[in-house]
Structure formats: structure tokens, C-alpha cells
Amino acid sequence: MGRKKKKPAKPWCWYCGREFDDEKILIQHQKAKHFKCHICHKKLYTGPGLAIHCMQVHKETIDKVPNSLPNRNNVDIEIYGMEGIPDEDIKEHERQKQAGELIVSDDGNDSDSSRTQNTGFNQPAVALPSVPQGGMMPHMPSMMRGPMQGMQYIPGGPMMGPMHPMGMGPMGPMGKYL
């Protein structure tokens, strides 16, 4: 009888505590849930990468990693998959797992109601105008609601100006001025 081998720990997300079977899936999760730009929906690789992107591209400061636990929302810690997780947090995670204290969401949709959903973005509460049925804003000119009067529309082709009788141009017969 030899010594019992310690099986490798499952990869887990430092930001929300969820466990995964594979580190590649963990990285996909982090990009989709924690490192996704709320403005252009670009998926980045790290919290600092998201903060830099938002500042350079959108001129907006983010102070927290989205959808993270309250004590795990620091944008300055560079974590990619399991790399960069502080050693004390890895030890604490293993201790909680062995003690049976770890609550893990296995439903696959990240909708654990016991978690605090923190977007981490400084967004003002703004009421957006409602768009009436038909998709047009009420203040839009009526000519924008359909093809313009006097214009001929050919599907897939360009808008053409008003059509004149054959041989008659806008200046009179065959381009002669009237």
C-alpha cells in the first residue's frame, strides 16, 4: 500500500467561487461574466485589461470587476484562469472545500440568488425614452417612415430621384433649357 495521492483541485473562479471541470472553461467564464465590457461587449482577459479598455476606448473608469463577490471585486489584481490568485485565497478555498463550507453553483447559469450581483460600473440612473411600435421615434419626420414621396425605390438598389417622362429631363426636352 502506497501513499494516497492527492487529486488535483478543480479550477475555480476567484471572482465568484464557481468551480469548473477544465481551466479553459474557467477562462471562458471569466471573459463572459467578469471581463466583458458593458458598453461594446468586448471580452477581455483580465480585470486590469477591462479597466484599461474602458478608460482608453470609452473614457470611463470602472472600480469593480462585474458580477464578483464583494470581497473579490478588485480590478487591480491580474488573474487569468487560476494564475495570479493570491496563495492565501487558494488555501482558504481548499480549507472551505474540505470542511464542506463551500457553496458552489452547479446549475450552469450563474444565477445563484445568494450571490451579490455587482456590476462594478459607475452608471447614472437615466430613464431611456420608450420607442413606440413601428420602431420610429415620434419626433422623426414623416418622410422617414417610408420611401420618400416622389422617389423610386428598387429593393437592393440605390434610392433614385423623381422619374420624368421618357425624353424629358428636369430641364425640359432632352436636356434643353426651357
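Not measured: the values here are computed from a predicted model.

**With respect to the pattern of salt bridges**
So, point 1. By the definition in use, this model includes three salt bridges.
So, point 2. Residues Arg-95 and Glu-92 are paired through a salt bridge, measuring 2.9 Å at the closest nitrogen-oxygen approach. Taken together, the residues span about one helical turn, with Arg-95 and Glu-92 both in helix α3 (residues 87-99) at a distance of three residues.

**Side note on the nonpolar core**
So, point 1. Core analysis: the largest hydrophobic core is formed by 18 residues, its most contacted members being Cys-13, Trp-14, Tyr-15, Leu-50 and Ile-62.
So, point 2. If you tally residues by element for this core, the top one is helix α2 (residues 47-58), at three residues.

**What to know about helix α1 (residues 23-34)**
So, point 1. Here α1 is twelve residues long and its end C-alpha atoms lie 15 Å apart, about the 16 Å a rise of 1.5 Å per residue gives.
So, point 2. Listed as buried for α1 are Leu-26, Ile-27, His-29, Gln-30, Lys-31 and His-34.
So, point 3. Elements that come into contact with the buried residues of α1 comprise α2.

**As for the environment of Ile-52**
So, point 1. Topologically, Ile-52 is positioned in helix α2.
So, point 2. Distance from Ile-52 to Ile-62, taken between C-alpha atoms, is 9.1 Å for residues ten residues apart in sequence.

**Section: the side chain of Asp-89**
So, point 1. Summarising the element assignment, Asp-89 is placed in helix α3.
So, point 2. One buried charged side chain, Asp-89, makes no salt bridge at all; its nearest oppositely charged neighbour is Arg-72, positioned 4.1 Å away.

**Topic: α3**
So, point 1. Over its 13 residues, α3 extends 18 Å from the first C-alpha to the last, a length consistent with the 18 Å expected when each residue adds 1.5 Å.
So, point 2. Of the residues making up α3, those classed as buried are Asp-89, His-93 and Glu-94. Burial along α3 is one-sided: seen end-on, the buried residues are contained in an arc of 135°. Away from its buried face, by an angle of more than 90 degrees, α3 presents the exposed residues Asp-87, Glu-88, Lys-91 and Gln-98.
So, point 3. Positive backbone phi, approximately 75°, marks Gly-100, located one or two places after α3.

**Some remarks on unusual backbone geometry**
So, point 1. Even without being a glycine, His-41 presents a positive backbone phi close to 65°.
So, point 2. Phi is positive for Lys-59, close to 55°, though the residue is something other than glycine.
So, point 3. Tracing the chain through its elements places Lys-59 in the loop between α2 and α3.

**What about the confidence of the model for the chain?**
So, point 1. Mean pLDDT over the chain stands at 73; residues scoring 70 or higher make up 52%.
So, point 2. Predicted confidence in the chain is weakest over strand β1 (residues 168-169), with a mean pLDDT of 58, and strongest over α1, with 97.
So, point 3. Confidence drops under a pLDDT of 50 for residues 104-148, and excluding neighbours within four residues, the segment shows 53 contacts in the predicted structure.

**Points about the packing of aromatic side chains**
So, point 1. A complete count under the given rule lists three aromatic pairs for this structure.
So, point 2. Taking the centre distance of 6.0 Å and the plane angle of 50° together, the rings of Tyr-45 and Tyr-80 count as tilted. Highlighted residues: Tyr-45 in the loop between α1 and α2 and Tyr-80 in the loop between α2 and α3, separated in sequence by 35 residues.
So, point 3. Among the aromatic residues, those joined into a cluster by ring pairs are Trp-14, Tyr-15 and Phe-35.

**Details of the state of the cysteines**
So, point 1. Taken as a whole and assessed by the stated rule, the structure comprises zero disulfides.
So, point 2. Cys-16 takes part in no disulfide bond, and the closest cysteine sulfur, belonging to Cys-13, lies 3.7 Å away.
So, point 3. In this model Cys-54 remains outside any disulfide bridge; the closest cysteine sulfur is found in Cys-37, 4.2 Å from its own.
So, point 4. According to the relative accessible area criterion, Cys-54 is buried, its value standing at 0%.

About the criteria used
Residues numbered from 1 in each chain as written. Predicted model: local features only at pLDDT ≥ 70, side-chain atom pairs only at ≥ 80, totals over all residues. Heavy atoms only, no water. Salt bridge = Lys/Arg side-chain N within 4 Å of Asp/Glu carboxyl O. Helix = DSSP H or I, 4+ residues; strand = E, 2+ residues; numbered from the N terminus. Core = buried A, V, L, I, M, F, W, Y, C linked by side-chain atoms within 4.5 Å. Buried < 20%, exposed > 50% of the residue type's maximum accessible area, 1.4 Å probe, protein only. Expected span 1.5 Å × (residues − 1). Contact = heavy atoms within 4.5 Å. Lys, Arg positive; Asp, Glu negative; His and termini not counted. Arc of directions from axis to C-beta. pLDDT = per-residue confidence, 0-100. Phe/Tyr/Trp six-rings, centres within 6.5 Å; stacked < 30°, edge-to-face > 60°. Disulfide = S-S within 2.5 Å.

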